Each structure stands twice: as structure tokens, then as C-alpha cells.
Amino acid sequence: MLLERIRLRAFGCFQEQDFDLHDGINLIFGPNFSGKSTLVNAIFFTLTGKPIVPRVDTSAIKSAKAYSGTAGLQFLVDGERYQLYRGTGKRIQLRSEKNGAWQVLFDEKRIKVTESLLQERFGIMHEQLALTTFLREGEIFEFLARQSATRRDILHTLLGIDRLIEVRQRFIDTRRIAKREQGRIHAHQNSLRFNAQNVNEAEIARIEAKLKDLETAYGAQTGDTALIAEWGQNKNRLQEHLDTLTRQQAEALSGFNDIAHLREMIATIETAIQEASGLEGKREKLIQQIGRLESEIEALTKVCNTLQTLIESGEQHCPTCSQTVERDVVQKIIDEKQEEKSQRCTELDTHKQSLETETTNLKDRQKLEQRLQTLQTLATQYQQRAQDIDKTQTELDALVSRLSEKGIQQNEQVPSDTLAILDKPKLKAQIDSERERLGKLKQEEAVRLDRRNALQRVNREASKVKTTLLSIELACAGIDRTIEALQRQILKPAEEELHHWLDKMQLFSTSRGSGGQTRVDLQREHLLPSLNIDGTDRSLMLLSGSEKMFLYLCFKVALAKVLGNPGFFVFDDPTLHLDDERKALMVDFIHEVAEEHQVVVTSYDEDVRAGLKGAHLIEMSREA
């Protein structure tokens, strides 16, 4: 990108002025408060949409009395000439030159859209330009004072790995949720711990065998009379329960031949309700049409009354339009309006009749819905009773089978005095006690089996969560390795380029022939160069102001070469606070950079002006 012209309208201290730029070195020279930094700010604002000084609102860079200001740049990219204009009111416009004429490529207020287009077309990124291309006054001290996390975020944006960081953060959030779920499952596992050894199985088998012996002894000594009597009582109880269920089932089918008849009626009602769907919409539409017709009829009535009043008044001229009243024409209009009103009334009556019909149909459908709900409840009750009947009948059949084995037929009554001959109540009590204990043991066994099944399910869930956590850990590790590889691939060449510039400028004493060596590390503190002189780490804060300035500029140029420079550098008063020797070194540095890039420099120092003799001069004055 070669900058050709700066165009300002109500921007800073300039009302309307253009400044041409040339290839090579451009020196913006003038005293303080002459507008040098305004030009630098204009270039940066046009490209990024933000003032070059952080935390400054865009409204502060327009002219004081103007509603908004505009900064523009004309530049050359790959042989194509463009003009980019940006207003402090957030509007941005890009033009391109075609056959000697300028055509608008886009004119937008949507900031994200325009920034995306500029980045895609020209590679313009705010953080990259701020860190690699522009130097403003006091920037180096702000950069050194930044927190490590802030420099890390800038580094991620510059290296294009911010998306990887977002993906990694999502994995980290997912891992946090998975660990929380793992903790919950672990607590659930602990609550389900139980003795895996089936200690009740042997006891259940022992009690069942003992019960069999007791029942055999009890039956042998009583002639099975006690058991037969007990079975007979249970049979009578089950028969009464079966009769009750059968009666309730019949009541559920009251009014129907059978369950098939009931289900057929339910299906018929459901079909009728489905066919009657949409009645609300039809009724609402009719109400709207009736309202419209009533409004039209009312309007026609008013027109006819007004015209009839005009005829009957005897006026020669219309009081509204002052035209001559032709009564025959007015009467004809009245007749036409009366006919139209009659048609509307007829249509209104038809719609009202339709509305009554639809309202009746809607009420009938609501009654059908209530009837359907009642029938569905009856069908559910019938089904439940059928299940209960099947269960009771199964138990009753089992008792009848037992009684048949003892010679008691199904309809034969069991003697009521059977239990009277029982002479061993203790044996019966022991049998009941063992049965009760057997029931408790079986219940405990059922609970144990249920806990075992639940624990197995929870163990499977724990295994899934563990696998998920392992996958997330592997994904995070892979992303971290990718980020580290990208940092090494980009920052290592940047370190080599920085060493090249430090050696070229002979910045530190050890680089001036004393045999020492100066090394820097850009990765240690996220873009903050770690300085090592003769094997000893040296704090950047202990460097002199000029050494910091040169190290920072070499750092900018090195990063720009690795990350991609747009083709120019802008240095705002880089010789500030430098002595004569360092000023000469800075001039040499600018000449070195200008061999490959366009350079825009601002200064008020005559020594700099003399050292940059031959540069394109833009002379500023306070009067201008």
C-alpha cells in the first residue's frame, strides 16, 4: 500500500485541506500545535476507525464547531488506486479508480461489515497497525506498562490464533461442566454402594426349605384342613373382588354394546372434531367482514343524507365546493348510493346468518370435545378394570387348582369347622413367622438388585464422562501445541529480524565491537522483549530513554516484516528527547527503513530536517 494523499474535511485543526505524499521519506515539519500529529491521527483513523490515542472518543478529533469530521486517504495497492473516506459519525466509503473515473465500492455505517471488508481486501487490522506500523508519542511507555494478559491478547490477535483461543475456551468450559457432572456421578456412586455378595440367597433357600417341611407337617397332622380352609377363604375373597371389578367394568360400558362399540364412537367423534377444525378462524373472518360492511353502510347512509339535505335545502351552490347544484345529477348519485347500500345490507344479512351458523357449529364442536374426553376416560377405566380382572382371575385360578388337588371342586363349599379341629396353633404361628421373614428377605433382595442395576447405570455414565474428559483434555492439549507452534513459527523469525536490526544499528555497547552479544526473547513475556547482554538478563526499565526508543522501533520493524507490513511506516516525532548522536542514529534508521518502505515522519527539529534532506517536505505552520 503506497499512500498518495491525505484529505481532511473539518478534521482536527483543518477545515478543508489536502496533503500529497510521495514514495520514500515524507517529512511533516513544523512547530508544535501546527497539526503534525493531526495528520498522523488522520491516517490511522481512516484505516482503523479509531483515534491513534487509546480511550479517546472519535467525536474529539473533529473540528470543534463542526457536526462531524471526515478524514480520507488516497493510496495505491497492486496497481489499483483507491480512496478511503471515514467520518467521525461512523460512515465509511471506499472508491476505486476505473478508466480515470472514481466509482463507489461501498458506502456503509455498519462498522463490523466495513472492517471485515477492509481486512479482507487490504489486510487492515487495528492491533497490527498500532503495534507494527505507527509510532506515537509516549506509546513505548504505555506498552511497557501493559499487563501481561493484555499483551498476550494482542499477540493472539496478531498471530491470528484468537479463534483457536475461543475454541480452547469453549473446551475448557465444557471440561468444567464435565468435571462438575463427574463429581455429581461420583457422589451418586458413593450413595449406591452395597455389599455385592448375596448373603440373603442362602438364607432365603434355607427358609423356603424349612417352610416346605413345616407346611408338610402341618398338613399331615391336620389332614390339610387348615390349608384348605385358608385357601377357601382366599378363594371367596378373590371371587367377591372379581365380581366387583366385573360390575365396574360393565358400568364403564353403560350405553355401549362392547369396548369395540365405545372405541368406534371415540373414533367417530375425533373425525368430526378434526373436520370441524378452523371454525374459530372462519368465525373471526366473518366478524371482520360484518364490521367492514357495517362501516361501509354507515358511510353510505351519511353520504345519502348529506346529498338529500343539499337537495332539500334549495341552495343553488354547494357550500363545500361552491359549484352549481344540479339536482338531477345529485339525485342520481343518491339512487346509486342507495342501491349500493341495499347490496351491502343484503351481504351483511348473509354474513350474519353465516356467523350464527358458525357459532352454532363451534358450540357443537365444543360439546363433542367434552363428550370425547368423557368417552376416553371410560375407555381408560375399562382397560384398567380389564387388567385388574385378568390379574384377579389368575390368582383365583391358582387357588381353584390347589383346591382341586385336595379333592375340593370349584363350586364346592369348604367346611366352616375345618379349623376347629386344629390342635397345633404353635405350628401355624411358626409357619406365619417364617413366611413373614421370607417376605422381608425377598424385599431386601429386590432392593439390593435395584441398587445394583442403578449402580451399573451410574458406572456407565461415569465411564462416558471420563471418556469425554479425556477427549477434551486431548483437544485442549492439541490446541495448546498448535498455538505454541504458531508462536514459534512467527516469533522466531521476528527475533532473528530484531537481532538483525540491533546489529545494524549497533544499539548497545556490546554490539559495537567489544566482543559481547545481545540477545532478545519475544516469547517469554508475550511480545515484551527479554534483553540478554553477555549472558546476563537486563531489565528493559533500566535502559535509557533512547535505548528503549531504538529497541522499540527495531521491534516494530521486525514484527512488521514477519506479520506483513502494509508498505509504509508512520513515526510521530521519533527524535523527541534524543541527543545529537542519537538523532543522527535515528536519521540513519529512517533511511534504512525507507530503502524498502514508504516512511512518514513528523518533527520540529532542524537537525532532523537537515539529516532527511531530499525527503518530500510537508511544511506546517500555526497560522495555517
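My aim in this report is to walk through the structure given alongside it, one point at a time. (Residues numbered from 1 in each chain as written. Predicted model: local features only at pLDDT ≥ 70, side-chain atom pairs only at ≥ 80, totals over all residues. Heavy atoms only, no water.)

What follows is about the overall build of the protein. When helices and strands are tallied, the protein shows 15 helices and 14 strands. For the protein, with 624 residues in total, the buried portion stands at 40%. Considering only contacts in the protein between residues 6 or more positions apart, those separated by 24 or more positions represent 71%. A total accessible area of about 35,900 Å² is found for the protein, and carbon and sulfur atoms account for 48% of it. (Helix = DSSP H or I, 4+ residues; strand = E, 2+ residues; numbered from the N terminus. Buried < 20%, exposed > 50% of the residue type's maximum accessible area, 1.4 Å probe, protein only. Contact = heavy atoms within 4.5 Å. Areas by Shrake-Rupley, 256 points an atom, 1.4 Å probe, with all protein chains shown as cover.)

The tally for this structure, following the rule as stated, stands at 27 salt bridges. Put simply, Glu294 and Lys352 hold a salt bridge, and the shortest N to O gap is 3.9 Å. Of this pair, Glu294 sits in helix 10 (residues 279-313) while Lys352 sits in helix 11 (residues 327-405), and the two are 58 residues apart along the sequence. Where Glu296 meets Arg344, a salt bridge forms, and the shortest distance between an N and an O atom there is 2.7 Å. With Glu296 in helix 10 and Arg344 in helix 11, the pair connects residues that are 48 residues apart, well separated along the chain. Taking relative accessible area as the criterion, Glu296 reaches 26% and is therefore assigned partly exposed. (Salt bridge = Lys/Arg side-chain N within 4 Å of Asp/Glu carboxyl O.)

Quick look at the environment of Glu369 now. Mapped onto the elements, Glu369 comes out in helix 11. Counting along the chain gives 96 residues from Glu369 to Ile273, while the straight-line C-alpha distance between them is 7.1 Å.

Our next topic: the pairing of strand 12 (residues 568-572). Remark: a regular strand shows side chains that alternate across the two faces of the sheet. Counting buried positions over the five residues of strand 12 gives five, a clear majority of the element. Examined bridge by bridge, strand 8 (residues 134-135) and strand 12 share two bridges and lie parallel to one another. Within strand 12, the residue paired with Leu135 across the bridge is Phe571. Note: strand 12 against strand 13 (residues 598-603), five bridges, orientation parallel. Directly across from Val570, in strand 13, lies its bridge partner Val600. A crossover links strand 12 with its parallel partner strand 13, the connecting element being helix 14 (residues 580-594), and its sense is right-handed. (Pairing = 2+ DSSP bridges. Right-handed = clockwise from strand over helix to strand, strands pointing away.)

Sheet architecture is open: six strands sit in the order 2-1-4-5-6-7, paired in antiparallel fashion. Since the sheet does not close on itself, it has two edges, and those belong to strand 2 (14-20) and strand 7 (101-108), each with one partner. Taken over all neighbouring pairs, the strand axes of this sheet differ in orientation by 15° on average, direction set aside. Against the sheet, helix 1 (residues 36-48) engages strand 1 (2-11), strand 2, strand 4 (70-77) and strand 5 (80-87), with an angle of about 100° to strand 1. (Axes fitted to C-alpha atoms, helices over the stretch in contact; angles between N-to-C directions.)

Our focus in this paragraph is the packing of helix 12 (residues 425-505) against helix 13 (residues 545-563). Where helix 12 contacts helix 13, the axes come no closer than 8 Å and their chain directions differ by 135°. In terms of their interaxial angle, helix 12 and helix 13 are classed as oblique. For the pair helix 12 and helix 13, the sense of crossing is right-handed. Side by side, helix 12 and helix 13 meet where Ile490, Leu491, Pro493, Ala494, Glu497, Leu498, Trp501, Leu502 and Met505 of the first sit next to Phe550, Leu551, Cys554, Phe555, Val557, Ala558, Leu559, Lys561, Val562 and Leu563 of the second. Counted by class, the contact of helix 12 with helix 13 contains 17 nonpolar, no polar and two charged residues. (Parallel < 35°, antiparallel > 145°, perpendicular 65-115°, else oblique. Left-handed = near helix turned anticlockwise from the far one by under 90°. Nonpolar A, V, L, I, M, F, W, Y, C, P; charged D, E, K, R; others polar.)

All right, on to the sheet that holds strand 8 then. The five strands lie next to each other as 8-12-13-3-14, forming an open sheet whose pairing is parallel. With one partner strand each, in any of the chains shown, strand 8 and strand 14 (616-619) form the two edges of the open sheet. As paired elements, strand 3 (residues 25-29) and strand 14 share four bridges and run parallel to each other. Note that in strand 14 the partner of Ile28 across the bridge is Ile618. Running over the sheet, helix 1 touches strand 3, strand 8, strand 12 and strand 13 and is turned about 140° from strand 12.

Right, let's get into the side chain of Arg86. Considering the arrangement of structural elements, one finds Arg86 in strand 5. Overall, the relative accessible area of 6% leaves Arg86 in the buried class. A distance of 3.4 Å separates the side chain of Arg86 from the backbone oxygen of Leu47, its partner in a polar contact. Sequence-distant contacts of Arg86, that is, excluding residues within four places in its chain, are made with Phe45, Thr46, Leu47, Thr48, Gly49, Gly69, Thr70, Ala71, Arg91, Ile92, Glu115 and Leu118. (Polar contact = N/O pair within 3.5 Å; in protein donor to acceptor, adjacent residues only side chain to side chain.)

It is worth spelling out the packing of helix 13 against helix 14 at this point. The interhelical angle for the contact between helix 13 and helix 14, taken along N-to-C directions, is 5°, at an axis separation of 11 Å. The angle between helix 13 and helix 14 places the two elements in the roughly parallel class. Taking contact as the criterion, the partners of Ser546, Glu547, Met549, Phe550, Leu553, Cys554 and Val557 in helix 13 are, on helix 14, Arg582, Leu585, Met586, Phe589 and Val593. Across the contact of helix 13 with helix 14, the residue classes break down as nine nonpolar, one polar and two charged.

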